[in-house]
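Breakdown of the fold
Listed here are the chains, written in short residue letters.
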Amino acid sequence: MNAGPGQSYQRKVRDLHGRDIVFDGEDFFEDPDDWSEEAARSLAAEAGLSELSDEHWRVMHFLRDYYQRNGRAPLNKHLTSGLGMSISRIQALFPGGIKYGARRLAGLPNPKSCM
């Protein structure tokens, strides 16, 4: 992945539950296939979420399924209609909101790399 103008790109490898996983400089997975529920739990704890509720998992699995089917993250209108939840509710569930919270915990690539 190439950094855009004014961006520095730094890869880092982290050990999460005995697996080496490559992250970009903002802690997004480089490869969405490296994601696991254990990795999501670890990243959530780092973000201050001591426990992931059924709502958290619903959002993360929806994001992952949509990304796998479409090769990109859903637009907000697809997210709200697919989940039957408001944007404000989804934003409130994750520190960092949708882009830097839910997407990161779901193992999707950095939104900056999708532009």
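These figures come from a predicted structure and were not determined experimentally.

A word on unusual backbone geometry
If you check the backbone angles, D27 has positive phi at about 65° while not being a glycine. Along the chain, D27 falls in the loop between β2 (19-23) and α1 (37-46). D27 gets classed as buried once you look at its relative accessible area, which sits at 18%.

Thoughts on the side chain of D27
Engagement of the side chain of D27 in a polar contact is seen with the side chain of K12, the distance being 3.1 Å. If we ignore the near neighbours within four places in the chain, the residues touching D27 are K12, R14 and R104.

Some words on α1
Among the residues making up α1, those that are buried are A39, A40, S42, L43 and A44. On its buried side, α1 packs onto β1 (12-16), β2, α2 (54-70) and α5 (98-105). Just downstream of α1, G48 is the residue with a positive phi angle, here 100°.

Some details on the environment of P111
Inspection of the secondary structure assignment puts P111 in the segment after α5. Considered as a pair, P111 and F28 are 83 residues apart in the sequence and their alpha carbons are 9.0 Å apart. Not counting chain neighbours up to four residues away, the residues in contact with P111 comprise F28, K99, Y100 and R103.

Cut-offs applied
Residues numbered from 1 in each chain as written. Predicted model: local features only at pLDDT ≥ 70, side-chain atom pairs only at ≥ 80, totals over all residues. Heavy atoms only, no water. Helix = DSSP H or I, 4+ residues; strand = E, 2+ residues; numbered from the N terminus. Buried < 20%, exposed > 50% of the residue type's maximum accessible area, 1.4 Å probe, protein only. Polar contact = N/O pair within 3.5 Å; in protein donor to acceptor, adjacent residues only side chain to side chain. Contact = heavy atoms within 4.5 Å.

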